[in-house]
Amino acid sequence: MKQLLTILFIGFSSSLFSQEKVSFLTPPPSPEASFTQQLVNGEITVTYSRPLARGRKVFGGLVPFDSLWRTGASGATTIHITEEIIIGDKTLNAGKYALFTIPGEKEWTIIINADTTLHGAFGYDSKKDIHRFKVKSEKAHSFSEAFTIDLNEIINKGGGFLNLTWENTAIKIPIKSPVDEKVMAEINTRLINGKEQNAELFFQAANYYYTTGRDLKQAAAWASEAEKADKENFYYPNLLQKILADQKDYKAAIVVAKRAVVLGEKKKMTNAVNALKKRIAEWESK
């Protein structure tokens, strides 16, 4: 009987230890995230992990001041760009980079590093730094439980800010495309200094000045030259009437818009013509 009880006990114990280990499907403490944003003709993709505050003091506590930070959690935070951009005051070629920071009470050091393979900051080598610069620390508009990176305040000249937000702190890293400088240089070389007489070049320069909020008087002059060079192109007077309207010269805008209507009707551009007629009626009622 004693031998039977021993066998039963051993069998029962074995069944307990042979059971599978219990594993709860708990949410990750620092969920992974990524986003892709078009910037001019290229894209910028940021991949990172988002640690949570969970009632802790973050900067100056969980993340010490004046110490290297992985700028997230888990693996290194990476920035992948498909065409060159200017970050801070340095141009980066297309490629993939790691983002590190040194948080401070009043300003942060932003670090762009070539090594994207690290787990956090372990193994960080300052010799692989491509760029270092400082930005001011700001108070966030609202509390952020999760560390967040986004690209916002995008402007029509091809720039914006890479924002880092966590707890009550906000960091704004300036980013811009060098395309604007290149376009302006070409306009200066070909039109202003070179005096080229080309309808499409006049139009493109006028449109760029208009869409980027530059000298509207100059934009109108170029759009007018484009129309003089090619009187059958609907888009030339159509752009000119927009520029004149933005200058609040509605009398001149009406005259130009009516020329665009005639061209639009010839090409059966019904929607564009109807929109122009509506604008003309509004201006005439002023």
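Values in this document were obtained by computation on a predicted structure and should not be read as measured data.

**Digging into unusual backbone geometry**
Link 1 in the chain: Here R54, not a glycine, exhibits a phi torsion of approximately 50°, which is positive.
Link 2 in the chain: Locating R54 in the fold gives a position in the loop between β2 (42-49) and β3 (77-81).
Link 3 in the chain: A relative accessible area of 54% means that R54 is categorised as exposed.
Link 4 in the chain: A positive phi angle is found at K248, which is not glycine, with a value near 65°.
Link 5 in the chain: Tracing the backbone shows K248 in the loop between α5 (235-246) and α6 (250-266).
Link 6 in the chain: Given a relative accessible area of 62%, K248 falls into the exposed group.

**A look at the sheet that holds β2**
Link 1 in the chain: Within the open sheet, the nine strands sit side by side as β1-β2-β3-β6-β7-β8-β9-β4-β5. Their pairing is antiparallel. Both outer strands of the open sheet, β1 (32-39) and β5 (90-92), are each paired with one neighbouring strand and no more. For this sheet the average axis-to-axis angle between neighbouring strands, irrespective of direction, equals 35°.
Link 2 in the chain: With seven bridges joining them, strand β7 (residues 107-113) and strand β8 (residues 129-155) adopt antiparallel strand pairing. Within β8, the residue paired with T109 across the bridge is K134.

**Section: the pairing of strand β6 (residues 95-102)**
Link 1 in the chain: Where burial is concerned, most of β6 is hidden: six out of the eight residues are buried.
Link 2 in the chain: Relative to β6, β3 is paired through five bridges, and the arrangement is antiparallel. Bridge pairing in β6 places T77 opposite L99.
Link 3 in the chain: Sheet topology note: the β6/β7 ladder contains five bridges and is antiparallel.

**Side note on the nonpolar core**
Link 1 in the chain: Counting residues in hydrophobic clusters, the biggest one holds 34 residues, and the most contacted among them are I187, L191 and W222.
Link 2 in the chain: Secondary structure elements with two or more residues in this core: α2 (179-193), α3 (199-211), α4 (216-229), α5, α6 and α7 (270-284).
Link 3 in the chain: When residues in this core are grouped by element, the largest group, eight residues, is from α3.
Link 4 in the chain: In contact with L191, other than residues within four places in its own chain, are E186, E196, L201, F202, A205 and W222.

**Quick look at the packing of α5 against α6**
Link 1 in the chain: In contact at an axis separation of 8 Å, α5 and α6 are set at 160° when each is read in the N-to-C sense. Relative to α6, the element α5 is oriented roughly antiparallel. Judged by the twist between their axes, the crossing of α5 over α6 is left-handed. In this structure, α5 uses P237, N238, L240, Q241, L244 and A245 to contact α6, whose residues at the interface are Y250, A252, A253, V256, A257, R259, A260 and L263.
Link 2 in the chain: Looking at the contact of α5 with α6 residue by residue, the class counts come to eleven nonpolar, two polar and one charged.

What counts, and where the lines are drawn
Residues numbered from 1 in each chain as written. Predicted model: local features only at pLDDT ≥ 70, side-chain atom pairs only at ≥ 80, totals over all residues. Heavy atoms only, no water. Helix = DSSP H or I, 4+ residues; strand = E, 2+ residues; numbered from the N terminus. Buried < 20%, exposed > 50% of the residue type's maximum accessible area, 1.4 Å probe, protein only. Pairing = 2+ DSSP bridges. Axes fitted to C-alpha atoms, helices over the stretch in contact; angles between N-to-C directions. Core = buried A, V, L, I, M, F, W, Y, C linked by side-chain atoms within 4.5 Å. Contact = heavy atoms within 4.5 Å. Parallel < 35°, antiparallel > 145°, perpendicular 65-115°, else oblique. Left-handed = near helix turned anticlockwise from the far one by under 90°. Nonpolar A, V, L, I, M, F, W, Y, C, P; charged D, E, K, R; others polar.

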